[in-house]
Amino acid sequence: FPNPVAMQKKLDSQGRRMVTIVDPHIKRDNNYYIHKEATAKGLYVKDKSGTKDYDGWCWPGSSSYLDFTANKVRSWWADQFAYDRYRGSTPALFTWNDMNEPSVFNGPEVSMQKDLRNLAGVEHREWHNLYGLLFHRSTASGLIRRNPDKNIRPFVLSRSFFAGSQRYGAIWTGDNAAEWSHLEAAAPMLLSLNVGALSFVGADVGGFFGDPDAELMTRWMQAGAYTPFFRGHAHHDSKRREPWMFGDETMIRLRKAAMARYALLPFWYSTFREAGVTGMPVMRTMWMEYPQTEPLFATDDQYLIGSDLLVKPVTAPGVTQTTVLFPTADRWYDVDTMAIVSKEGESNGVLSITVDSDIDKIPVYQKGGSII
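Residues numbered from 1 in each chain as written. Predicted model: local features only at pLDDT ≥ 70, side-chain atom pairs only at ≥ 80, totals over all residues. Heavy atoms only, no water.

Within the largest apolar cluster, 31 residues are counted, with the highest numbers of intra-cluster contacts made by Tyr65, Leu66, Trp77 and Met112. Among the secondary structure elements, those contributing two or more residues to this core are α2 (33-41), α3 (71-79) and α4 (124-145). Of the residues forming this core, the biggest block, 7 residues, is contributed by α4. With sequence-adjacent residues up to four places away left out, tryptophan 77 is seen in contact with Val22, Asp23, Ile26, Leu66, Phe68, Phe135, Ser138 and Thr139. Core analysis: the second largest hydrophobic core is formed by 21 residues, Ala187, Leu193, Met283 and Ile362 among them. (Core = buried A, V, L, I, M, F, W, Y, C linked by side-chain atoms within 4.5 Å. Buried < 20%, exposed > 50% of the residue type's maximum accessible area, 1.4 Å probe, protein only. Helix = DSSP H or I, 4+ residues; strand = E, 2+ residues; numbered from the N terminus. Contact = heavy atoms within 4.5 Å.)

Put into structure tokens, the structure is as follows:
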């Protein structure tokens, strides 16, 4: 990338933004200004004696880890996102915090030893679960601080999180695989996070490890388009999986799924706004909207976006029909045909209906009386 500023400006002119990975481990290289300054200021997590900077192994090789439990470290880190400090950055550049559990390749359970100490002398075992949150928080603060007197929303994606991470950015479910079982597991995982008040969440479409075939990729795109955070991501050893790599027929299906997402952006925005004001999740379990309907209490393979869209992803190969549970307290319309699929009945009842769901169709229904 010989000219990152020109590249970002070109993307920005096309309505696109760039997101780059920034991890909490810092390469131990005295020629690297971040490491040199962090060492001089004493900002790193210490070894178990509390006297030496911890040295662990991660992507750059020998690395040290900033102590984000300390306010002075968080503030210093936020300052590094200033445009005159972060060379090559522009207002169109945003951030993805990865490896922030923290991940240490040569550490126990691929993390830091539990007896390492922060700058206050407290052992890692006491603040492990907070590390990712505090890193995420500091980065988000930096993206706000770089634009003084301007109301520009940051975007920071994080792999590690804790209660409260929803205040700082998006979360994804980590390194999944291109397998039908991982697609099937995605909705229950995302619903659990939403119940915990983390709404801006998603799973890697297509799976991170491995190579999805055309059918799996299609079904995952269809499902992902109806989750709060929607993106594709893959390991560098995976085959290319841009929509056009699967042939014209599949490309059209993948385009249709993406267009459904774009068409609903005002609805997504409004639902996120509701989540921010009221705390009600974006992606809701069925029981959250129908708390008196006991047959829906254990349902985690279909869900609601806001209160008005019911989604039932197809998560198995060769499926041409799907069974959907419709709450009979409301009337439901197929979003593609606008045909009535389920009419009102008893207030706490459920109607089980088998619907067509061939490869061109994801079952999605709009609640009667709603406006989207």
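So, on to α3. Among all positions in α3, only Val73, Arg74, Trp76, Trp77 and Ala78 are buried. On its buried face, α3 sits against β2 (25-27), α2 and α4.

On to the sheet that holds strand β16 (residues 364-367), then. The sheet built from 6 strands is open, its strands ordered β9-β10-β11-β16-β13-β14 with antiparallel pairing. The two strands at the open ends of the sheet, each matched to only one other strand, are β9 (283-284) and β14 (340-342). Relative to β16, strand β11 (residues 309-311) runs antiparallel, the two being bridged by 3 bridges. Along β16, the bridge assignment pairs valine 311 with valine 364. (Pairing = 2+ DSSP bridges.)

On to the pattern of salt bridges, then. When the charged atoms of two side chains lie near each other, side chains of opposite charge can form a pair. With the rule as written, the count across this model stands at 21 salt bridges. For the salt bridge of glutamate 37 with arginine 85, the shortest nitrogen-to-oxygen distance reads 2.9 Å. A residue pair is termed long-range when its members are at least 10 positions apart, and glutamate 37 in helix α2 and arginine 85 in the loop between α3 and β5 (93-97) qualify at 48 residues. Here arginine 159 makes a salt bridge to aspartate 98, at a shortest N to O gap of 3.4 Å. One end of the pair, arginine 159, is in the loop between β6 (156-158) and β7 (170-172); the other, aspartate 98, is in the loop between β5 and α4, and 61 residues separate them in sequence. The network of salt bridges with shared partners includes Asp98, Glu101, Arg159 and Asp175. (Salt bridge = Lys/Arg side-chain N within 4 Å of Asp/Glu carboxyl O.)

Because side chains alternate across β16, one face comprises the buried residues Val364 and Gln366, and the other comprises Tyr365 and Lys367, equally buried. Inspection of the sheet shows strand β13 (residues 332-334) paired to β16 by 3 bridges, in the antiparallel sense. Opposite aspartate 334, over in β16, you have tyrosine 365 as the bridge partner.

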